[in-house]
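Close look at the chain arrangement
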Amino acid sequence: MGCPDWPKCFDQWVPPTQESQLPENYQEIFSSKRGKKIIKFTELLENIGLANKAQQIKEDKTLLIEESFNARKTWIEYINRLLGALTGVFAVFFAISSLQFRKSNKLKVFTSFMGLILIGFNGWLGSIVVATNLLPGVVSIHFIFAFLAAGVIMVATHNRFKMIIKPQGVYFKYLFIVALILSLVQIVLGTL
């Protein structure tokens, strides 16, 4: 929770390095902003039929607790966001460049744009992770969508689902499936 708001960090494009660079009541300011974002998120959950989960989130007052400033955490989070933004920029260029194959290779175009959509969705989901103060289920979904986006981009890059199975030998398919299942289990269990 190095940056309490999103996409900026402490309402700045370049985050502070010292607590003295923040207003005295920064925790109250960002707690209020977080509360507004949580309300929007819970409205979305209610609209898609998850009213019970929305109510749990609304009642959880620990989500509004702001941590004290920590320059190390702030810069780790800021670098994470910069890398995420760079990933998004590359995904846009990749999707646009895939249009040259729109007649000859529709799978490449489709998976390129699907990867871009998944990366954008995951960026938004990252903002929800921040707003909900690392709420476990939201963190799990964020990780899963990151893996899904990466997988779709790999399929677009290599242009075939066979890339996962054939070139590496007979046992690679089974090793891949086991590793994927174990990774997903670890993600879900690690954030519950």
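Before going into details, it helps to say that this report is about the structure given with it. (Residues numbered from 1 in each chain as written. Predicted model: local features only at pLDDT ≥ 70, side-chain atom pairs only at ≥ 80, totals over all residues. Heavy atoms only, no water.)

**Brief notes about a nonpolar patch on the surface**
Defined as follows: To count toward a patch, a residue needs a relative accessible area above 30% and no salt bridge. Like charges then connect within 9 Å, nonpolar side chains (Val, Leu, Ile, Met, Phe, Trp, Tyr) within 5 Å. In short, Shrake-Rupley with a 1.4 Å probe defines the accessible areas, and a residue's cover is counted only from the protein chains shown. Counted as salt bridges are all cases of a side-chain nitrogen of Lys or Arg within 4 Å of a carboxyl oxygen of Asp or Glu. Helix and strand labels come from DSSP, where a helix needs a run of H or I of at least four residues and a strand needs a run of E of at least two; each type is numbered from the N terminus. Between buried and exposed lies partly exposed: a residue is buried under 20% and exposed over 50% of the maximum accessible area for its type, with that area taken using a 1.4 Å probe on protein chains only.
A grouping of I79, L83, L86, V89, F90, V92, F93, I96, L99 and F113 is seen on the molecular surface, where their side chains present a nonpolar patch of about 900 Å² in accessible area. For the nonpolar patch, the leading source of residues is helix α3 (residues 71-98), giving eight residues. Within the secondary structure, V89 sits in helix α3. By relative accessible area, V89 is classed as partly exposed at 40%.

**Comments concerning the nonpolar core**
For clarity, the threshold we go by: Here, the term nonpolar core denotes a set of buried Ala, Val, Leu, Ile, Met, Phe, Trp, Tyr and Cys residues that are joined through side-chain atoms within 4.5 Å. Only heavy atoms enter the contact rule, under which two residues are in contact if any of them lie within 4.5 Å.
Membership of the largest hydrophobic core is limited to twelve residues, which are I38, F41, L45, A54, I57, L63, L125, I128, V129, L135, V138 and V139. Secondary structure elements with two or more residues in this core: α1 (26-47), α2 (51-59), α4 (106-131) and α5 (136-158). Contacts of I128, omitting those with residues within four sequence positions, involve K37, F41 and V138. Counting residues in hydrophobic clusters, the runner-up holds eight residues, among them C3, C9, F30 and F69.

**Details of the packing of α3 against α4**
What counts is decided by this rule: Axis definition: a line fit to C-alpha positions, over the contact stretch in the case of helices; interaxial angles, taken between N-to-C directions, run 0 to 180 degrees. For classification purposes, an angle smaller than 35 degrees is called roughly parallel, one larger than 145 roughly antiparallel, one from 65 to 115 roughly perpendicular, and anything else oblique. Whether a crossing is left-handed or right-handed is set by the direction in which the near helix is turned from the far one by less than a right angle, anticlockwise for left-handed and clockwise for right-handed. Note that Gly is not counted as nonpolar here; it falls among the polar residues with everything else outside the nonpolar set of Ala, Val, Leu, Ile, Met, Phe, Trp, Tyr, Cys and Pro and the charged set of Asp, Glu, Lys and Arg.
The N-to-C vectors of α3 and α4 enclose an angle of 160°; their axes lie 8 Å apart at closest approach. Here α3 lies roughly antiparallel to α4, going by the angle between them. You can see that α3 and α4 cross each other, and the crossing is left-handed. Where α3 approaches α4, its residues E77, R81, T87, G88, A91, V92, F94, A95, I96 and S98 are matched on the opposing element by K108, V109, S112, F113, L116, I119 and V130. Among the residues forming the contact of α3 with α4, the class breakdown is ten nonpolar, four polar and three charged.

**A closer look at the state of the cysteines**
Just so we agree on the cut-off: For the purposes of this analysis, a disulfide is any pair of cysteine sulfur atoms at a distance within 2.5 Å.
Under the definition given, this model contains one disulfide. Two residues share a disulfide in this structure: C3 and C9, whose sulfurs sit 1.9 Å from each other. Taking the sign of the S-S torsion, about -80° here, the bridge from C3 to C9 comes out left-handed. Per residue, the accessibility class of C3 equals that of C9, and both read buried.

**Things to note about the packing of aromatic side chains**
Applied cut-off: Planes of paired rings set the category: under 30 degrees apart is stacked, over 60 is edge-to-face and the rest tilted, where pairs are Phe, Tyr or Trp rings (Trp by its six-membered ring) whose centres lie within 6.5 Å.
All chains considered together, the criterion is met by seven aromatic pairs. Ring plane angle 70° and centroid distance 6.0 Å describe the contact between F10 and Y26, whose orientation is recorded as edge-to-face. With F10 in the segment before α1 and Y26 in helix α1, the pair connects residues that are 16 residues apart, well separated along the chain. In this pair, the class of F10 matches that of Y26, namely buried.

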